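# Residue-level structure breakdown
Take a look at the letters that make up each chain.
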Amino acid sequence: MKLSSCAGISNRESRRVSSALLLAPLLVLHNLLALAMTVDSFVVLPISQRTGSLARVCGQGRSATREGGEVDRKALLREAVKKAGLVAGGWGVAAAGLPQLVGAKKIINLEEARELGEKKMIEIEKAKGPLIKVRDNVKYREELVGKGPTFEKGDLVKIRYQVYKGNGDYMFSTGYGREFQDDVGDTYDFTFGRPNSIPKGAEIGMEGMRVGGKRKISVPPELGWKTSGGFPEPQTFGGKRKLLNHQNEFLQFEVEVIRSRPRKT
């Protein structure tokens, strides 16, 4: 069934809706790759919900009439675009070139979209708390201040950790049951300050932590896994492959101190 046959929509308006249905996925993908999606909320419906018949769209559209029988074409067009899989909220959908059928905020160009994206990322980072610079290009963010004792070189330390790429993509972990690992609650045990235990950058970032504390440490490549003999070692094939491919990049080491025991004197 054609949209033009429903509720008196003109052929021109029908073509506008058809174009929106065809171009919307491509435009959204293009803007995502260009970091141009800067919206407060954005929902993509499952594909199975995008393939409903136009008859159903038109059926809902007939209810969009004003008093006196006049068709509210804008409401009908909005209904059709929503059925295409795009639901705008907050600022709306920042898809350059998409007809503003749902009240979307139009981004003039990619440069403006990037600027909005950068501002949004800055706001998100500020909300997480201050980024503390230590030394040798190591930085960390205190996610949770521990209430237990501190530890020093030579102490036995038990930790749980997660490793991420610089952009936040997950790589590998111990103790959280990720990637179908049966390791929930497990710890990585090592002697703090002993060579080939943890990356030097992670060790620097852990200085001053207390038991129960949690930090996310930015580890520069020159102080990364090459300084620890590859430890802590990923337990999955995927984790080993990711570390091999990205060990020469800045990585994020999120560490939670579970327990510590003073060295024997």
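Just above, that's the structure.
Reference entry: report on the structure contained in this document. (Residues numbered from 1 in each chain as written. Predicted model: local features only at pLDDT ≥ 70, side-chain atom pairs only at ≥ 80, totals over all residues. Heavy atoms only, no water.)

### Quick look at the overall build of the protein
A count of helices and strands for the protein gives 7 helices and 9 strands. Counting only residues that meet the buried cut, the protein has 39% of its 265 residues in that class. Within the protein, counting contacts between residues at least 6 apart in sequence, those at least 24 apart form 69% of the total. A total accessible area of about 15,400 Å² is found for the protein, and carbon and sulfur atoms account for 53% of it. (Helix = DSSP H or I, 4+ residues; strand = E, 2+ residues; numbered from the N terminus. Buried < 20%, exposed > 50% of the residue type's maximum accessible area, 1.4 Å probe, protein only. Contact = heavy atoms within 4.5 Å. Areas by Shrake-Rupley, 256 points an atom, 1.4 Å probe, with all protein chains shown as cover.)

### A closer look at the pairing of strand β9 (residues 251–261)
Bridge count for strand β5 (residues 156–165) against β9 is 10 bridges, and the pairing is antiparallel. Note on β9: the bridge partner recorded for Leu-156 is Arg-261. In this sheet, β9 lies alongside strand β8 (residues 214–219) in antiparallel orientation, the contact comprising 6 bridges. By the bridge assignment, Ile-217 is partnered in β9 with Phe-253. (Pairing = 2+ DSSP bridges.)

### Some points on unusual backbone geometry
For the bond running from Phe-231 to Pro-232, omega is -5°, close enough to zero to count as cis. Summarising the element assignment, Pro-232 is placed in the loop between β8 and α7 (237–246). Of note in the backbone geometry, Asp-136 takes a positive phi value of approximately 55° without being a glycine. Position of Asp-136 relative to the elements: it lies in the loop between β3 (132–133) and β4 (139–144). Its identity as a non-glycine residue notwithstanding, Asn-196 has a phi of 60°, on the positive side. Assignment of secondary structure puts Asn-196 in the loop between β7 (188–191) and α6 (200–206).

### Re helix α5 (residues 110–127)
If you check α5, its first and last C-alpha atoms are 26 Å apart, about what 18 residues at 1.5 Å a residue would give, namely 26 Å. Positive phi shows up at Gly-129, right after α5, with a value of about 110°. (Expected span 1.5 Å × (residues − 1).)

### Considering the packing of aromatic side chains
Summed over the entire model, instances satisfying the criterion amount to 9 aromatic pairs. Both rings, one in Tyr-161 and one in Phe-172, keep their centres 6.2 Å apart while their planes meet at 85°; by these two values the pair is edge-to-face. Pair noted here: Tyr-161 is in strand β5 and Phe-172 is in strand β6 (residues 170–174), with a separation of 11 residues, a long-range link. The exposure class of Tyr-161 is buried, given its relative accessible area of 1%. Summarising the aromatic geometry, the rings of Tyr-188 and Phe-190 are spaced 5.7 Å apart at their centres and angled 25° between planes, so their arrangement reads as stacked. Phe-190 carries the same exposure label as Tyr-188, and that label is buried. Grouping aromatic residues by their ring pairs yields a cluster made of Phe-151, Tyr-161, Phe-172, Tyr-188, Phe-190, Phe-192, Trp-225 and Phe-253. The positively charged end of Arg-215 is found above the aromatic ring belonging to Tyr-140, 4.0 Å away from the centroid. Geometry around Tyr-164 places Lys-216 over its ring, the cationic atom sitting 4.7 Å from the centre. (Phe/Tyr/Trp six-rings, centres within 6.5 Å; stacked < 30°, edge-to-face > 60°. Lys NZ or Arg CZ within 6 Å of the ring centre and 35° of its normal.)

### Here's the deal with the nonpolar core
In this structure, Ile-159, Phe-190, Met-206, Ile-217, Phe-253 and Val-257 are the most contacted members of the largest nonpolar core, which totals 27 residues. If you list the elements that add at least two residues to this core, you get β5, β6, β7, α6, β8 and β9. (Core = buried A, V, L, I, M, F, W, Y, C linked by side-chain atoms within 4.5 Å.)

### Re the pattern of salt bridges
Taken as a whole and assessed by the stated rule, the structure comprises 7 salt bridges. Close ionic contact of Glu-142 with Arg-215 constitutes a salt bridge, the shortest N to O distance being 3.0 Å. Of the two residues, Glu-142 sits in strand β4 while Arg-215 sits in strand β8, which places them 73 residues apart along the sequence. Under the relative-accessibility criterion, Glu-142 is labelled partly exposed at 28%. Lys-165 is the salt-bridge partner of Asp-169, the closest N and O atoms lying 3.6 Å from each other. (Salt bridge = Lys/Arg side-chain N within 4 Å of Asp/Glu carboxyl O.)

### A look at the layout of surface pockets
Of the volumes computed, that of the largest pocket is approximately 430 Å³. Along the wall of the largest pocket there are 17 residues; nearest its centre are Glu-125, Lys-128, Arg-141, Gly-166 and Gln-252. Taken together, the residues of the lining of the largest pocket break down into 6 nonpolar, 5 polar and 6 charged. (1 Å grid on protein atoms, 1.4 Å probe; cavity = no way out; pocket = protein on both sides within 12 Å on 5 of 7 lines; lining within 4 Å. Points joined across faces, edges and corners; volume = space filled by probe spheres on them. Nonpolar A, V, L, I, M, F, W, Y, C, P; charged D, E, K, R; others polar.)

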